[in-house]
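Working through the structure, step by step
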Amino acid sequence: MTERLITSLTNDTIKAVRALHMRKEREATGRFLAEGLKFIGEALDQGRAPVMLLVGQDARPHPLLDRAKAETLKAGGQIIVVTHAILEKISRRDNPQTVLGVFEQVYTPLDAIQPDAKPCWVALEQVRDPGNLGTIIRTADSAGCGGVILIGDCVDPFSVEAVRATMGSVFAVTISKASREEFLAWRASWPGSVIGTRLDATHGYRDSPVRHPAIIMMGNEQAGLTDVLAAACDLNVKIPMRGRADSLNLAVATGVMVYAVTDAAYGSSL
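Scope of this entry: the structure provided in the associated data block. (Residues numbered from 1 in each chain as written. Predicted model: local features only at pLDDT ≥ 70, side-chain atom pairs only at ≥ 80, totals over all residues. Heavy atoms only, no water.)

Structural notes on the nonpolar core
Formally: As used here, the term nonpolar core means buried Ala, Val, Leu, Ile, Met, Phe, Trp, Tyr and Cys residues forming a set that is joined through side-chain atoms within 4.5 Å. Think of it in three bands: with a 1.4 Å probe and only protein chains considered, a residue is buried below 20% of the maximum accessible area for its type, exposed above 50%, and partly exposed in between. As used throughout, domain bounds are those supplied by an automatic or database domain assignment. It only takes one pair of heavy atoms within 4.5 Å for two residues to be counted as in contact.
The biggest cluster of nonpolar side chains holds 46 residues, and the ones touching the most others in it are Leu124, Val127, Leu133, Val148, Leu150 and Phe171. Two domains share this core, each providing at least three of its residues, namely domain 1 (4-104) and domain 2 (110-266). If near-sequence neighbours (up to four positions away) are discounted, Leu133 is found in contact with Leu124, Val127, Val148, Leu150, Val155, Asp156 and Pro157.

Observations regarding the pattern of salt bridges
Stated formally: Between Lys or Arg on one side and Asp or Glu on the other, a salt bridge is scored when a side-chain nitrogen of the former is within 4 Å of a carboxyl oxygen of the latter. A run of H or I in DSSP becomes a helix once it reaches four residues, and a run of E becomes a strand once it reaches two; helices and strands are each numbered from the N terminus.
The final tally for this structure, using the stated rule, is 15 salt bridges. For Glu125, the salt bridge identified is with Arg180, shortest N-O distance 2.9 Å. On the criterion of sequence distance, the pair formed by Glu125 in strand 6 (residues 120-125) and Arg180 in helix 8 (residues 180-187) is long-range, its members being 55 residues apart. Look at Glu125 and you get buried, because its relative accessible area is 2%. Residue class for Arg180 comes out partly exposed when judged on its relative accessible area of 23%. Between Arg128 and Asp153 there is a salt bridge whose closest N-O contact spans 4.0 Å. Of this pair, Arg128 sits in the loop between strand 6 and helix 6 (130-143) while Asp153 sits in the loop between strand 7 (147-151) and helix 7 (160-166), and the two are 25 residues apart along the sequence. Here Asp153 falls in the partly exposed class, since its relative accessible area comes to 47%. One salt-bridge network, held together by shared partners, links Asp45, Arg67 and Glu71.

Observations concerning the packing of aromatic side chains
For clarity, the cut-off: Geometry of aromatic contacts follows a simple scheme: Phe, Tyr and Trp rings, the Trp one being its six-membered ring, pair when their centres are within 6.5 Å, and the pair is stacked under 30 degrees between planes, edge-to-face over 60, tilted otherwise. When the NZ atom of lysine or the CZ atom of arginine is within 6 Å of a ring's centre and also within 35 degrees of its normal, the charge is said to sit over that ring.
By the definition in use, this model includes 8 aromatic pairs. Considering the side-chain rings of Phe32 and Phe158, the 4.8 Å spacing of their centres and the 40° angle between planes classify their relative orientation as tilted. One end of the pair, Phe32, is in strand 2 (residues 31-35); the other, Phe158, is in the loop between strand 7 and helix 7, and 126 residues separate them in sequence. What makes Phe158 buried here is its relative accessible area of 1%. With 5.3 Å between their ring centres and 85° between their planes, Tyr107 and Phe158 make a pair best called edge-to-face. Separated by 51 residues along the polypeptide, Tyr107 in the loop between strand 5 (99-104) and strand 6 and Phe158 in the loop between strand 7 and helix 7 bring together distant segments of the chain. An aromatic cluster is present here, built from Phe32, Phe103, Tyr107, Phe158 and Phe171 joined pairwise through their rings. The ring of Tyr107 carries Lys177 above its face, with NZ or CZ at 4.2 Å from the centroid.

Thoughts on the pairing of strand 3 (residues 52-56)
What counts here: We call a crossover right-handed when, viewed with both strands directed away from the observer, the connection leading from the first strand over the helix to the second proceeds clockwise.
Taken across its 5 residues, strand 3 has 5 buried, putting it largely inside the fold. Crossover strand 3 to strand 4 (residues 78-82) through helix 4 (residues 63-74) is right-handed.

So, the sheet that holds strand 2
Short version of the rule: One bridge is not enough; two strands pair if DSSP finds at least two bridges between them. The angle between two axes is taken between their N-to-C directions and runs from 0 to 180 degrees, where each axis is a line fitted to C-alpha atoms and a helix contributes only its stretch in contact.
Strand order in the open sheet formed by 5 strands is 1-4-3-5-2, and the pairing between neighbours is mixed. Two strands close off the open sheet at either side, each with one partner strand: strand 1 (4-6) and strand 2. Ignoring which end each strand starts from, the neighbouring axes of this sheet average 25° apart. With 3 bridges connecting them, strand 1 and strand 4 associate as parallel partners.

Considerations on the environment of Asn132
Rules: Here a polar contact is taken to be a pair of N or O atoms separated by no more than 3.5 Å, where protein atoms must pair a possible hydrogen donor with a possible acceptor and residues adjacent in sequence count only if both atoms sit in side chains.
Secondary-structure assignment places Asn132 in helix 6. Residue classification places Asn132 among the buried positions, given a relative accessible area of 8%. A sequence separation of 122 residues divides Asn132 from Thr254, and the C-alpha atoms of the two residues are 9.6 Å apart. Non-local contacts of Asn132, meaning those with residues more than four positions away in its chain, are made with Val127, Glu221, Asn249, Leu250 and Ala251. In this structure the side chain of Asn132 is engaged in a polar contact, spanning 3.2 Å, whose partner is the side chain of Glu221.

Okay, here's the thing in C-alpha cells:
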C-alpha cells in the first residue's frame, strides 16, 4: 500500500486538516474530521471511504485498520502516517485517537427525502449546541428515524464536537438543511403528522394519534419552537414536568419524543 510519512507540524497537509476545526474551512472544502477507528468503521459500513486517512506511527495492527487503508486507496484517497505530536495537534487532545479520517460532507436536499422510507423524521429549528445536535443525530439513528432536518441558523453538524457526539451515526442518518421558508413550502406536501413541542401546549406528548410518517419539530435550546413553525404543525404537545425543573435538555426531550413516535410505528418490546 502507498503510504506517506509526515513528521512536521508545519506541513501544508497537516495545517489543512487542523483547519477543519473551523467552520469556514469546512464550508470552503466541504470536508470534515472524524476521530477513531470505530468512526472509520461506521463510515466504511455506509460506503463512505475517507479522502484522507491519518494513522499514528504507534497505531496497533487491526483488521479494521487494514480494511480502512484498502478502501481509502480504492476510493482514490491518501494514507498519511503521522507522529503522536501531530495527532495531538489535530485532535486538540492530550490522549488522541491513533486513526483519524477526513471525509466529504453529505447533505440530502429536501426534495430528495422519501417520507415513507421511515416512520419518523426530526426537524430542528436553530439548534445551537453541537453536543445536543450530535446526540440527537445518534438518537435518531438508534430509534430508526429517517433523518434530521436543520432549519435556519443551526450549528454545523460536521463540527468536530458534533461529530464526536454522534458516535458514528453521522454516517448513517440523512442530514438536510433549509431556510424556514424552504422548509414551510416543503412541509405543505408532507403526507403524515407534523408534531411540534411547546411548553405552552395543552396536549401531552402521548395524547393524540400520530399519522406516520411523522415529523417531530424541536426548537432552539433557549427560545423553543418559534410561533411560525409551531403554527405549521398539526399538533403541538408538551412533555410533563413533574419535579422542580421547568424543562428538559433539548437532546433528552427529542429522545423522549422520538421514542414515543417510533414505538407506535415499530412496536415496543418493553
